[in-house]
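Here are the chains, one letter per residue:
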Amino acid sequence: MSANAPGAAEQDTFRSTDPASGELVGVFPVQDAAAVEAAVARARVAAEAWAALGFGERRLRLAAYRGYLARRMNELADLVHRENGKPHDDAVLEITLAIDHLAWAGAHAARTLRLRRVAPGLLAANHAAYLEYQPLGVVGVIGPWNYPVFTPMGSIAYALAAGNAVVFKPSEHTPAVGAWLARAWQAAVPDCPDALQAVTGLGETGAALCRAGVDKVAFTGSAPTGRRVMAACAQTLTPVLMELGGKDAMIVDDDADVAAAANAAVWGAMSNAGQTCIGIERVYATSAVYDAFVREVTEQVAGLRPGSGPGAAYGPMTMASQTDVVRRHTDDALADGGTAALGGPVPGTQAHGNVIAPAVLLDVPESSAAVREETFGPTITITRVADAEEGLARANATSYGLAGSVFAGSRSRGLSLARRMRSGMTSVNSVLTFASVPALPFGGVGESGFGRIHGADGLKEFTRAKAVTRQRFPLPVDLMSFRRPASAAPALARVIGVVHGRHR
Ligand code: NAD
């Protein structure tokens, strides 16, 4: 029974609460393996009808869905604000990005995936060769809570546009948003309601989805859970897409616009209370700009007012337990010899508040948890480096590799540093911009995961490449036949010798 279907409440339930006030947002069923399998079975039927619609008809329905989201933007943003804690305006930004991706995926699926002819090559010159990208069937999407609309939609939009049905397991911290998104689909696309369903529950519901016979699991979350998802999916050789955490760095070069770099670093580190997988957690500033950069960042951060009321720069931590991680990293950084330009030891959390003051930590040793591990809080480390090359070496000395940023005056230098950054995405002279460019793929390397959402790569991620050849006319000599003459292979060797043998 999907989360949005009546009767599901007979099962165990769990509560979702507002992280700022502790008020109840909703009660949701903990869906067990049988319920998840039933949702996947319905999705399997829907997948056939959805795929059979073809690109044009699917595009119309994806447009109806984004139209529905756009018209109810404020209602959804309010729910995101209440359940995740982020400011309403940031929720609007998140939903806007998701809508833009829905539009791009719908508009580009046909040209990216449809049947096309490719060159058959020399050996099969008498054949026509065809390539197409076919839908996988049913995709299981397991999502996190930090961007409860944008992040899962990066998989959902592209999987649907490619012709798959989706069973979506939202985070147990944002089930109301997940259930809302599925209900919105059913309202906007009434002739294919089961193409997108939500199943709610805790980790075990996600684990059940991995075992439910889906054709791919698109997982977004932490690396430890990603390992468990991969292990479960290995049992059935179910392919996986892994969008995991990060420890993203910014490099500020000698000739950078320091004020712009500071502005971007503060937003990249502190917005959404630092709970951004592609957020900036470390900055490497060259000696030439370090003092000015620290001054500028400190000044800007001092003006931030976190909280849950109107005008708050960012909200409370969505998960109360995350405050302990942030505190540990901040404490370790100072114990290891770093200094706090602002913030320092995290002030005590309020009863239902979990609002963390921003912290700017200077010259924290690279061995410290605040530099090595994902903090996922409103903190930033700033480290002095001799030059941008040292900054790059330090930025790349991490097991993660999700994204990053480079600030440089020289266009070629900025691009060169960005291209050599070991990460899936890098913005030059801004932060996070790649996420708002639907044509660009999104995903990490190393412990940040593998596979891509967004863009043409994101569409292909939810397909299988299908190759077909069709003989147009027979050749006088068929090389792949027991009836070929004895002279065929030596003649072939001579031709290949002429064509390829000249290369040394
Ligand atoms: P998490 O790993 O705790 O949970 C993610 C999801 O997995 C939840 O829906 C959870 O219920 C489910 N889950 C838990 N145990 C499971 C299991 N055994 N099998 C299947 N599913 C299971 O992560 P989180 O705390 O929700 O999210 C924060 C993390 O997500 C951070 O590390 C962040 O960097 C990362 N993230 C990455 C991206 C990206 O695109 N790379 C985007 C957003 C967040």
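Residues numbered from 1 in each chain as written. Predicted model: local features only at pLDDT ≥ 70, side-chain atom pairs only at ≥ 80, totals over all residues. Heavy atoms only, no water.

**As for the site of the ligand**
The ligand sits among 29 residues. The nearest are Gly-143, Glu-172, Ser-222, Thr-225 and Glu-374. The separation between an oxygen atom of the ligand and a polar side-chain atom of Lys-169 is 2.8 Å. The separation between an oxygen atom of the ligand and a polar side-chain atom of Glu-172 is 2.5 Å. Protein coverage of the free-state accessible area of the ligand, which is 850 Å², stands at 90%. Judged by the proximity of its atoms to the pocket grid, the ligand belongs to the largest pocket. Residue composition of the shell around the ligand, grouped by class: 13 nonpolar, eleven polar and five charged. (Near = heavy atom within 4 Å. Polar contact = N/O pair within 3.5 Å; in protein donor to acceptor, adjacent residues only side chain to side chain. Areas by Shrake-Rupley, 256 points an atom, 1.4 Å probe, with all protein chains shown as cover. 1 Å grid on protein atoms, 1.4 Å probe; cavity = no way out; pocket = protein on both sides within 12 Å on 5 of 7 lines; lining within 4 Å. Sits in = over half its atoms within 2 Å of the grid points. Nonpolar A, V, L, I, M, F, W, Y, C, P; charged D, E, K, R; others polar.)

**Description of the layout of surface pockets**
In this structure, the largest pocket occupies an estimated 850 Å³ of space. Residue lining of the largest pocket: 39 residues in total, with Trp-145, Phe-219, Gly-221, Ser-222 and Thr-225 positioned closest to the centre. Elements represented by at least two residues in the lining of the largest pocket include exactly helix H7 (203–210), strand E8 (216–220), helix H8 (223–234) and helix H11 (322–335). At four residues, the largest contribution of residues to the lining of the second largest pocket is made by helix H16 (residues 488–500). Across the lining of the second largest pocket, the residue classes break down as 14 nonpolar, three polar and one charged. (Points joined across faces, edges and corners; volume = space filled by probe spheres on them. Helix = DSSP H or I, 4+ residues; strand = E, 2+ residues; numbered from the N terminus.)

**Considering the UniProt feature "active site" (unreviewed entry) in the chain**
Residues annotated in UniProt with the feature "active site" (unreviewed entry) correspond here to Glu-243 and Cys-277. The annotated residues occupy 35 residues of the chain but converge on a single region, no pair of C-alpha atoms lying more than 9.1 Å apart. Residues from the named set that contribute to the lining of the largest pocket are Glu-243 and Cys-277. Position of Glu-243 relative to the elements: it lies in strand E9 (residues 240–243). By relative accessible area, Glu-243 is classed as buried at 3%. Ignoring sequence-local partners within four residues, the contact set of Glu-243 consists of Phe-219, Thr-220, Gly-221, Phe-442, Gly-443, Gly-444, Ser-448, Gly-451, Arg-452 and Ile-453. With respect to the element layout, Cys-277 can be found in the loop between helix H9 (258–270) and strand E11 (280–286). For Cys-277, a relative accessible area of 18% gives the class buried. (UniProt positions renumbered as here; feature names shortened; annotations may be inferred. Buried < 20%, exposed > 50% of the residue type's maximum accessible area, 1.4 Å probe, protein only. Contact = heavy atoms within 4.5 Å.)

**A few points about unusual backbone geometry**
Phi at Leu-237 is positive, roughly 50°, even though this residue is not glycine. The residue Leu-237 is located in the loop between H8 and E9 in this model.

**So, helix H5 (residues 150–161)**
Relative to the 16 Å expected for twelve residues at 1.5 Å per residue, H5 spans 16 Å between its end C-alpha atoms, a close match to the ideal helical length. Of all twelve residues in H5, twelve are buried; the element is thus mostly enclosed. Looking at H5, one finds that the buried residues are Phe-150, Thr-151, Pro-152, Met-153, Gly-154, Ser-155, Ile-156, Ala-157, Tyr-158, Ala-159, Leu-160 and Ala-161. The positive-phi residue at the C-terminal boundary of H5 is Gly-163, with phi of around 105°. (Expected span 1.5 Å × (residues − 1).)

**Quick notes on the nonpolar core**
If you look at the biggest cluster of nonpolar residues, it comprises 96 residues, and the most contacted ones within it are Tyr-65, Leu-181, Met-250, Val-252, Ile-278 and Phe-293. Residue contributions to this core peak at nine residues, all from helix H4 (residues 88–113). With sequence-adjacent residues up to four places away left out, Met-250 is seen in contact with Ala-261, Ala-264, Ala-265, Ile-280, Arg-282, Val-283, Tyr-284, Phe-293, Ser-405, Phe-407 and Val-431. Ala-47, Val-167, Val-214 and Val-229 belong to the second-largest nonpolar core, a separate cluster that totals 24 residues. (Core = buried A, V, L, I, M, F, W, Y, C linked by side-chain atoms within 4.5 Å.)

**What about the packing of helix H1 (residues 33–52) against helix H2 (residues 54–71)?**
Two numbers describe how H1 lies on H2: the axes approach to 7 Å, and their chain directions differ by 110°. With respect to their mutual orientation, H1 and H2 come out roughly perpendicular. On H2, the residues touching Trp-50, Ala-51 and Ala-52 of H1 are Gly-54, Arg-58, Arg-61 and Leu-62. (Axes fitted to C-alpha atoms, helices over the stretch in contact; angles between N-to-C directions. Parallel < 35°, antiparallel > 145°, perpendicular 65-115°, else oblique.)

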